[in-house]
Amino acid sequence: MPPSQLKRLKASLREQGIIGPQQSKKQKKNNAQNGVTKEKRVHRTVALNGIREQFNPFEFKALSRKPKFEVTTEHAAKSVIRRPGFQKSQEEEMRRQAYLEEQQRRHKVGGIVDKRFGENDPSMTPEEKMLERFTREKQLRHKRSTFDLEDEDTPGELTHMGQSLSLDGPALVDDFDEEDLELSGADDHPSDEERQARKRRRSELEDEEDEDDDDDGGDRPERKKSKQEVMKELIAKSKLHKYERQAAKDDDEDLREQLDKEMPNIHELLRGIAPKRPTVPPADIPGMNPDRAALLNRTDKVKFDKEYDLRLRQMAQDKRSKPTEKSKTEEQVAEETARKLQVLEAKRLRRMQGAPESSDEEKEKDAEPDDEDEEDDFGLGDGIKIRPTMAELGVEDEDDFLIDDDLVASGSDAESVDDFDNEKENDLDDGEEDEFVKGLLTEEEAKRPEFLTGANAPIQEVEEPASNGINGDLAYRFNCPQSHDELLEITKGVNILDLPTVVQRIRALYHPKLSGENKGKLMKFSVSLVDHISYLANQEHGPPFVVLESIIRHIHSLAKTFPVEIANSFRRHLKGLDTSRALSPTPGDLVLLTAVGTIFPTSDHFHQVVTPAILTMGRYLGLKIPHILSDFATGAYLCTLCLQYQKLSKRYVPEVVNFIENALCALAPTKLAKLPGHFPYHDPKSSLRIESAPTSARQLRFYDCVAQDLSEEEGELLKAAIVETNLRLLDSAAETWKAKEAFTEVFVPALEIMRHLSSKKCRSKFAESTQKLLTKVSQKLTLLLSQARLARRPLELHHHRPLAIKTSIPKFEESFNPDRHYDPDKTRTEAAKLKKEHKREKKGAIRELRKDAKILATQSLREKKERDAAYEKKYKRLVAEIQGEEGREAKAYEREKDWRKKGKK
């Protein structure tokens with residue numbers, strides 16, 4: 001068993017002579033006199049430090065890893081030994097000093113740090129400090145280099161292979177003095193004459209230098225040239241040779257240019273042509289254009305005046321140039337048009353799917369000017385075509401009412417008023433004239449400048465129209481109404497058929513180009529027009545649909561300039577319809593819903609006006625329980641609008657099919673024994689079934705949506721018209737939604753109802769036209785349902801051949817190490833390295849913070865103890881002083897008391 005730590009310590013102390021037999025007083029006295037005691041004291045300190053280090057196993061620590069490669073050098077490799085205890089104490093001392101410095105600088109701003117040499121060294125005298133500072137300053141200023149050309153006191157000269165590299169020796173010759181020196185550039189090669197002239201100049205210079213040397217030789221000895229002088233001489237010679245070459249080249253260029261100038265004269269002399277006399281230069285008149293002075297010198301007064309007048313007229317008639325486009329071929333025009341149409345269709349499809357437009361597309365849309373040819377329904381949808389086309393109506397011009405892609409919903413989700421105003425201003429061309437202005441002004445008004453459409457446009461002679469309104473007394477000038485009441489006041493005495501003409505003339509008189517205030521007036525006028533179409537449709541004697549359609553077209557045109565205001569006006573009407581009369585719409589409400597489908601895009605996934613309109617129509621079709629024929633007529637009209645809204649997007653509206661099936665069941669001559677499907681069926685309070693076959697047939701009219709007192713015959717005609725309309729709507733719905741997956745489930749109940757209407761009991765009470773339509777729709781539904789069943793396929797998990805599991809030959813690592821990660825993914829490997837490094841750095845930072853916190857706590861505790869000790873000391877001193885004073889006073893009191901007692905006795 002090894003000896004204990006205590007026994008080993010005693011043995012080490014005994015071996016070092018620290019403990020042992022005690023010396024006598026005589027020996028101690030002799031050792032003190034001889035100086036042995038001091039040596040023993042030093043030896044004792046060294047020995048104790050060695051024993052202390054020897055008995056502390058954590059004081060020294062060797063490296064855990066040996067050097068990777070064994071290196072043989074002259075000096076033996078020293079083993080690196082670490083002293084963690086010493087390093088730790090040093091680190092703590094550094095932290096403590098840093099803490100003290102921080103505490104000293106706490107709550108202090110600025111200051112001067114004295115970094116002068118020897119300032120904080122108390123062992124140096126002021127003279128030594130000054131000398132040290134002077135020495136350091138000189139060392140910093142003087143940077144000496146062996147290759148410094150400006151240093152004359154060089155320690156030695158440059159050599160190579162034992163030979164000097166200076167140019168002072170007799171064997172070395174300057175490269176510029178070589179006779180066979182060739183220049184680098186082929187154009188810079190000197191001629192023989194130049195080379196000889198240079199040799200002569202060089203020989204003269206050498207002779208002069210020899211003479212100078214002979215003259216000065218007697219006065220002073222020849223000294224060796226420094227490197228700086230040699231380099232200056234080289235640079236001077238190089239510049240001299242370069243200057244000589246450039247001067248010779250310039251002389252040749254001047255001679256060549258002079259010969260080129262005289263070449264035409266030589267040609268004329270060779271051809272026998274006499275040379276022209278030199279023209280006398282015109283006299284310079286100060287302050288006059290040289291061209292005008294030349295004109296005055298060589299022309300007479302009359303000719304000069306004519307020339308002046310001609311140029312003045314040309315300058316007055318000059319027009320400002322306009323940018324023109326490069327002429328394109330028919331193929332290029334067709335290709336560009338097709339590309340634009342594809343882009344517009346892609347935008348419409350994205351809006352229909354609800355996808356937001358990207359910022360790049362918005363920038364392109366803002367940057368690209370609108371094209372007048374883009375009048376198709378890609379930006380807005382084709383709207384609702386309830387009237388014939390303009391060509392069929394015989395109207396030649398549509399007054400820019402065609403559908404453009406820059407109307408309200410081209411950016412319906414995130415468009416502002418300013419954006420639309422800017423786009424509209426960009427679209428307006430200065431040279432463009434509005435067609436609806438023509439024929440509206442008298443001859444006298446047409447000559448006035450405020451009615452011109454262009455700034456420099458010529459005055460056109462406009463003939464007065466042959467017929468001025470229906471009665472021939474329609475005014476030419478109207479005030480621009482700012483509200484619906486003002487519009488009613490203006491059109492009070494105007495025939496209803498003249499209303500489109502009034503609107504057209506107001507727009508012509510208050511065109512935005514004529515005045516800056518007209519734009520705001522037309523904005524309010526467009527809002528009043530929206531209110532007016534609803535007002536006209538609600539009148540007892542409804543206006544002709546030609547008038548309503550013309551006003552809607554005017555609103556459509558104004559919506560290009562004022563989209564937000566018109567959209568807000570429609571939304572206000574829809575809100576009123578939804579809150580007060582959702583299940584009993586008026587004819588004005590139906591006209592507004594029709595105008596919404598004409599003005600705004602109905603294929604967008606979400607639109608601020610179209611979406612509320614569809615919800616309003618769906619609410620009526622889903623919640624309204626029809627009791628009279630006008631309710632069925634209103635529902636049929638709304639179903640028509642819904643189908644036309646979904647003509648492009650083809651979104652399924654279940655309320656439409658439910659209302660059609662309910663209307664057919666309610667108006668069928670006989671009741672169905674069992675209702676097919678699960679649509680909501682509402683039986684009217686009074687029977688509205690068809691009693692007999694009508695003698696004639698008619699179509700459903702708009703004002704059939706208003707409740708009226710009808711005779712029995714008129715009622716039967718209206719019932720037949722409603723049934724035919726619903727059959728056509730069912731045909732249109734099947735055509736619209738035939739690509740839907742649920743087509744079979746939606747239209748199978750409708751086919752059962754059609755078969756019931758085709759039975760003998762019901763068929764006999766229909767007109768011949770209704771029977772033909774019923775047969776046609778039934779056959780179409782049967783065909784579409786059979787195709788839908790064939791197209792429907794059951795769900796399959798896998799419809800491909802079985803795929804084999806991917807296999808690969810395993811990769812064997814010969815020097816496999818389980819502690820190492822073999823990840824083939826470099827990205828994942830780098831990420832793992834970064835995570836590991838981050839973790840290591842984090843742990844190191846936490847360790848440092850803990851050490852700092854420990855030092856801070858230690859120093860704070862020490863400072864607190866010092867403050868407490870000082871406080872306790874001061875407290876005790878004060879208590880002692882007070883007690884001393886109190887004792888002294890008590891003794892004095894006792895003495896006075898005793899003295900008084902003695903005095904009484």
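Draft legend 1. Region of interest: the overall build of the protein chain. Helix and strand counts for the protein chain stand at 28 helices and four strands. In the protein chain, buried positions account for 27% of the 905 residues. Here the contacts in the protein chain between residues at least 6 apart in sequence split such that 70% fall between residues at least 24 apart. As displayed, the protein chain has an accessible area near 66700 Å², and 53% of this comes from carbon and sulfur atoms.

Draft legend 2. Quick peek at the pattern of salt bridges. Applying the stated criterion across every chain yields a total of 28 salt bridges. Across the pair Arg96 and Glu93 runs a salt bridge, and its minimum N-O distance is 2.8 Å. With Arg96 and Glu93 both in helix α4 (residues 84-104) and three residues apart, this pair spans about one turn of that helix. Taking the relative accessible area as the measure of exposure, Glu93 reaches 36% and is therefore partly exposed. Between Asp731 and Lys780 there is a salt bridge; the shortest N-O distance is 2.8 Å. You can see Asp731 sitting in helix α24 (residues 712-736) and its partner Lys780 sitting in helix α27 (residues 768-791), a full 49 residues away along the chain. According to the relative accessible area criterion, Lys780 is partly exposed, its value standing at 28%.

Draft legend 3. Focus on helix α16 (residues 499-509). Here α16 lies mainly inside the structure; nine of its eleven residues are buried. For α16, the complete set of buried residues consists of Leu499, Pro500, Val502, Val503, Arg505, Ile506, Arg507, Ala508 and Leu509. Those residues of α16 hidden inside the fold are in contact with α17 (518-537) and α18 (545-558).

Draft legend 4. Molecular detail of a nonpolar patch on the surface. Together, Met263, Ile266 and Leu270 make up an exposed nonpolar region whose accessible area comes to about 300 Å². With respect to the element layout, Leu270 can be found in helix α7 (residues 227-271). Residue classification places Leu270 among the exposed positions, given a relative accessible area of 69%.

Draft legend 5. Summary view of the packing of aromatic side chains. The final tally for this structure, using the stated rule, is nine aromatic pairs. With a centroid separation of 5.6 Å and an interplanar angle of 90 degrees, the aromatic rings of Phe570 and Phe600 are classed as edge-to-face. Of this pair, Phe570 sits in helix α19 (residues 563-580) while Phe600 sits in the loop between α20 (587-599) and α21 (610-623); the two residues are 30 residues apart in sequence, bridging distant segments of the chain. Residue Phe570 shares its accessibility class with Phe600, and that shared class is buried. Taking the centre distance of 6.5 Å and the plane angle of 15 degrees together, the rings of Tyr871 and Tyr875 count as stacked. In this pair, Tyr871 and Tyr875 both sit in helix α28 (residues 826-904), four residues apart, roughly one turn of the helix. For Tyr871, a relative accessible area of 58% puts it in the exposed group. Put simply, the rings of Phe545, Tyr637, Phe702 and Tyr703 pair up and form one aromatic cluster.

Draft legend 6. Representation of the side chain of Thr594. With respect to the helices and strands, Thr594 occurs in helix α20. When its relative accessible area of 2% is taken as the criterion, Thr594 is described as buried.

Draft legend 7. Region of the structure containing α19. Between its first and last C-alpha, α19 extends 26 Å over 18 residues, near the 26 Å set by a 1.5 Å rise per residue. Residues of α19 that are buried include every one of Pro563, Glu565, Ile566, Ala567, Ser569, Phe570, His573, Leu574 and Leu577, and no others.

Draft legend 8. Spotlight on the confidence of the model for the protein chain. Averaged over all residues, the pLDDT of the protein chain equals 76, while 71% of them reach at least 70. Within the protein chain, helix α13 (residues 417-427) has the poorest average pLDDT of any element, 40, and α21 the best, 92. The model gives residues 181-188 a pLDDT under 50, and that stretch makes nine contacts with residues more than four places away or in other chains. Every residue in residues 359-466 scores below 50 in pLDDT, and together they form 174 contacts with partners more than four places removed in sequence or on other chains.

Draft legend 9. Main features of the environment of Glu745. By the element assignment, Glu745 lies in helix α25 (residues 743-757). Counting along the chain gives 40 residues from Glu745 to Leu785, while the straight-line C-alpha distance between them is 9.5 Å. A polar contact is formed between the side chain of Glu745 and the side chain of Arg792, at a distance of 2.9 Å.

Draft legend 10. Seen up close, the packing of helix α22 (residues 629-645) against α24. The contact between α22 and α24 brings their axes to 10 Å, and the two run at 25 degrees. In this view, α22 runs roughly parallel relative to α24, as classed from their interaxial angle. Crossing handedness for the pair α22 and α24: left-handed. Contacts between α22 and α24 involve Leu629, Phe632, Ala633, Ala636, Cys639, Thr640 and Leu643 on the former and, on the latter, Gly715, Leu718, Lys719, Ile722, Thr725, Leu729, Ser732 and Ala733.

Draft legend 11. Spotlight on a negative patch on the surface. Together, Asp250, Asp251, Asp252, Asp254, Glu257 and Asp260 give the surface a local cluster of negative charge. The exposure class assigned to Asp252 is partly exposed, which follows from its relative accessible area of 43%.

Draft legend 12. The arrangement of the packing of α17 against α19 in detail. The contact between α17 and α19 brings their axes to 9 Å, and the two run at 30 degrees. Taken together, the axis directions place α17 and α19 in an arrangement best described as roughly parallel. In this structure, α17 crosses over α19, and the sense of that crossing is right-handed. Between α17 and α19, the contacting residues are Met523, Ser526, Val527, Val530, Asp531 and Ser534 on the first element and Glu565, Ile566, Ser569, Phe570, Arg572 and His573 on the second. Looking at the contact of α17 with α19 residue by residue, the class counts come to five nonpolar, four polar and three charged.

Draft legend 13. Representation of the nonpolar core within the structure. By size, the foremost hydrophobic cluster in this structure holds 98 residues, and its most contacted members are Ile555, Phe570, Phe600, Val656, Phe747 and Leu781. It is α22 that provides the largest number of residues to this core, a total of ten residues. Ignoring sequence-local partners within four residues, the contact set of Ile555 consists of Leu529, Val530, Ile533, Ile566, Phe570 and Ile599. By size, the runner-up hydrophobic cluster in this structure holds five residues, among which are Leu13, Ile18, Ile51 and Phe55.

Draft legend 14. Expanded view of unusual backbone geometry. Phi angles above zero are rare outside glycine, and Lys650 is one such case at about 55 degrees. Relative to the assigned elements, Lys650 resides in the loop between α22 and α23 (654-667).

Draft legend 15. Structural view of the state of the cysteines. As enumerated under the stated definition, the model contains zero disulfides in all. Left unpaired, Cys642 is separated from the closest cysteine sulfur, that of Cys639, by 6.3 Å.

The rules behind each value
- Throughout, a residue's number is its position along its own chain's written sequence, starting from 1.
- Note on the predicted model: pLDDT of at least 70 is required for a residue's local features to be given, and 80 or more for side-chain atom pairs to be given and counted; whole-chain, interface and lining totals, by contrast, use all residues.
- Think of the side-chain values as coming from all heavy atoms in the structure, minus any hydrogens and water.
- The secondary structure listing takes helices from DSSP runs of H or I that are at least 4 residues long and strands from runs of E that are at least 2 residues long, numbered from the N terminus.
- Classification of residues uses two cut-offs on accessible area relative to the type maximum, computed with a 1.4 Å probe and protein chains only: under 20% is buried, over 50% is exposed, and between them is partly exposed.
- Contacts: residue pairs with any heavy atoms within 4.5 Å of one another.
- Only the protein chains shown count as covering a residue, and every accessible area follows the Shrake-Rupley method with a 1.4 Å probe.
- By salt bridge we mean one thing: a side-chain nitrogen of Lys or Arg within 4 Å of a carboxyl oxygen of Asp or Glu.
- Only residues whose relative accessible area exceeds 30% and that take part in no salt bridge are eligible for patches, with like-charged residues grouped when within 9 Å of each other and nonpolar side chains (Val, Leu, Ile, Met, Phe, Trp, Tyr) grouped when within 5 Å.
- Each Phe, Tyr or Trp ring (for Trp, its six-membered ring) is paired with any other whose centre lies within 6.5 Å, and the angle between the two planes then decides the class: stacked below 30 degrees, edge-to-face above 60, tilted in between.
- Expected helix span is taken as 1.5 Å per residue step, with the number of steps being one fewer than the number of residues.
- As a per-residue measure, pLDDT reflects the predictor's confidence and takes values from 0 up to 100.
- In protein, a polar contact means a hydrogen-donor-capable atom and an acceptor-capable atom, both N or O and within 3.5 Å, with residues adjacent in sequence counting only if both atoms are side-chain atoms; elsewhere, any N or O pair within 3.5 Å suffices.
- A fitted line through C-alpha atoms represents every axis, and for helices the fit uses only the stretch in contact; the resulting angles, taken between N-to-C directions, go from 0 to 180 degrees.
- Every angle not falling under 35 degrees, over 145, or within 65 to 115 is termed oblique; those three ranges are roughly parallel, roughly antiparallel and roughly perpendicular.
- When the near helix sits turned anticlockwise from the far one by under a right angle, the crossing is termed left-handed; a clockwise turn instead gives a right-handed crossing.
- We count Lys and Arg on the positive side and Asp and Glu on the negative side, and we leave His and both chain ends out.
- Where a charge lies is defined by one atom per residue type: Lys uses NZ, Arg uses CZ, Asp uses CG and Glu uses CD.
- Polar here means any residue other than Ala, Val, Leu, Ile, Met, Phe, Trp, Tyr, Cys and Pro, which are nonpolar, and Asp, Glu, Lys and Arg, which are charged; Gly is therefore polar.
- Throughout, nonpolar core names a set of buried Ala, Val, Leu, Ile, Met, Phe, Trp, Tyr and Cys residues whose side chains join them through atoms within 4.5 Å.
- The rule for a disulfide is simple: a pair of cysteine sulfur atoms within 2.5 Å.

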